Amino acid sequence: TSFGFRTVKTDEKARLVRGVFDSVASKYDLMNDLMSGGIHRVWKAVLTDRIMPRPGEHLLDVAGGTGDVAASFLSRADTRPGADTKPRATATLCDINFEMLKAGTTRSDAAAFGDRITRVTGDAETLPFADGFADAYTIAFGIRNVTHIDAALRDAYRVLKPGGRFMCLEFSHPITETMQKIYDTYSFNVIPWLGERVANDRESYQYLVESIRRFPGQEAFAAKIKNAGFTRVKYENLSGGIAAIHSGWRV
Ligand code: SAM
């Protein structure tokens, strides 16, 4: 496994976000399971289903954290018919936070892929990769934390090959008022409490809840993706809009 190092820009939000993930890195996978009741695994499985990984492809998973999306991409590519006679799919995990990447090296699913996963530190807004670097670009629960979403979307477009696809899994906005109410009660009470009890860090999880509220709605985010140059942009609500998968193609 190789680690790359890059200087990242340090404006206020970037600093804050780095602090949050430094603090939660070691408890990150456990907290995800607790907060979502394991549902984040289902959402990520839907994400990799939709990408339809193929042998020989290269995935760039940005804000990839501990690497579960990359691992799931590779295992699905390996089970495609004829995969054993074709070149293996590979993945690059890019995250601004070294601690998150490091925490992922101990995961058994990622470890099984050895050097088919490369880990690189870098900022989603100014990715340290050449134009046309990847066949597919994923970002799961990451874009919400990026300071300039539009810059990240433009850079996603740049690093994709023509014919490449962009897929973003992110928390979104519940589609009914009743769901929104239940969700608010849960997120404003249970999540900071869990953060305090399990990760000993109430503030980071408070930040998480607030950042979800501030993130653009399904339509507004789709419009941003179109603005960055992508075509056939669409989205799919998951669990009634608690999360959504947005996608687009670079032609
Ligand atoms: N994709 C993983 C998952 O679904 O479990 C990790 C998601 S985690 C909630 C968000 C990740 O975004 C963190 O690992 C954090 O370090 C990373 N991140 C935040 N801002 C970033 C940026 N500007 N560029 C790249 N990664 C960033």
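What counts, and at which threshold
All chains use their own residue numbering, which begins from 1 and follows the written sequence. pLDDT decides what is reported in this predicted model: residues at 70 or higher carry local features, side-chain atom pairs at 80 or more are listed and counted, and totals for whole chains, interfaces and linings draw on all residues regardless. Labels follow the DSSP assignment, with helices taken as runs of H or I lasting at least four residues and strands as runs of E lasting at least two, numbered in each case from the N terminus. Helix span, expected: 1.5 Å multiplied by one less than the number of residues in the helix. To get the bend at a given residue, fit one axis to the seven residues ending there, fit another to the seven starting there, and take the angle between those axes. Our exposure labels follow a C-beta count within 10 Å of each residue's own C-beta, placed from the backbone: buried means 20 or more other C-beta atoms, exposed means 12 or fewer, and partly exposed covers the counts in between. Contact criterion: two residues are in contact if their C-beta atoms, reconstructed from the backbone, are within 7 Å. As used in this record, a residue near a molecule or strand is one whose C-beta atom, placed from the backbone, is within 6 Å of it. Under the convention adopted here, Pro, Cys and the residues Ala, Val, Leu, Ile, Met, Phe, Trp and Tyr are nonpolar, Asp, Glu, Lys and Arg are charged, and Gly plus all remaining residues are polar. A set of buried residues qualifies as a nonpolar core if it consists of Ala, Val, Leu, Ile, Met, Phe, Trp, Tyr and Cys joined through C-beta atoms within 7 Å. Think of it as the arc spanned by the lines of direction from the helix axis to the C-beta atoms.

Student: It is not clear to me how helix H8 (residues 177-199) should be interpreted in this structure. Could you clarify?
Tutor: Residues lying three or four places apart along an α-helix face the same way, a consequence of the helix completing one turn every 3.6 residues. For H8, built from 23 residues, the straight-helix expectation of 33 Å at 1.5 Å per residue is met to within 8% by its first-to-last C-alpha distance of 31 Å. The largest bend in H8 is about 30°, located at serine 187. Every buried residue of H8 is accounted for by Ser187, Ile191 and Gly195. In this structure, the buried residues of H8 make contact with helix H2 (28-36) and helix H9 (202-214). Asparagine 200 occupies a position one or two residues after H8 and carries a positive phi of about 55°.

Student: Just to check I follow, could you spell out the site of the ligand for this structure?
Tutor: Taken together, 20 residues are adjacent to the ligand, and Ala63, Gly65, Asn97, Ala124 and Ala140 come closest. Looking at the shell around the ligand, the elements with two or more residues in it are helix H1 (12-24) and helix H4 (68-78). Its residues assigned to classes, the shell around the ligand shows 11 nonpolar, 5 polar and 4 charged.

Student: It is not clear to me how unusual backbone geometry should be interpreted in this structure. Could you clarify?
Tutor: Most peptide bonds are trans, and most residues other than glycine sit at a negative phi. Phi at methionine 52 is positive, roughly 50°, even though this residue is not glycine. Taking the C-beta count within 10 Å as the criterion, methionine 52 has 12 such neighbours and is therefore assigned exposed. With phi around 50°, phenylalanine 141 is a residue other than glycine that occupies positive phi space. Of the residues examined, phenylalanine 141 has 20 C-beta atoms within 10 Å and is grouped as buried.

Student: For this particular structure, what's the right way to read the nonpolar core?
Tutor: The tendency in soluble globular proteins is for nonpolar side chains to be buried side by side. Formed by 60 residues in total, the largest nonpolar core has its most connected members in Ala70, Phe73 and Tyr137. If we ignore the near neighbours within four places in the chain, the residues touching phenylalanine 73 are Thr48, Ile51, Pro53, Leu59, Ala89 and Ala91.

Student: Just checking my understanding: could you explain H9 for this structure?
Tutor: With 13 residues, H9 should cover 18 Å at 1.5 Å per step; its first-to-last C-alpha distance of 19 Å lies within 8% of that length. Restricting attention to buried positions, one finds in H9 the residues Ser204, Tyr205 and Leu208. Down the axis of H9, the sector holding all buried residues measures 95°, keeping them to one side. Projecting away from the buried face of H9 at angles above 90 degrees are the exposed residues Glu210, Arg213 and Arg214. Check the buried side of H9 and you find it contacts H1 and H8.

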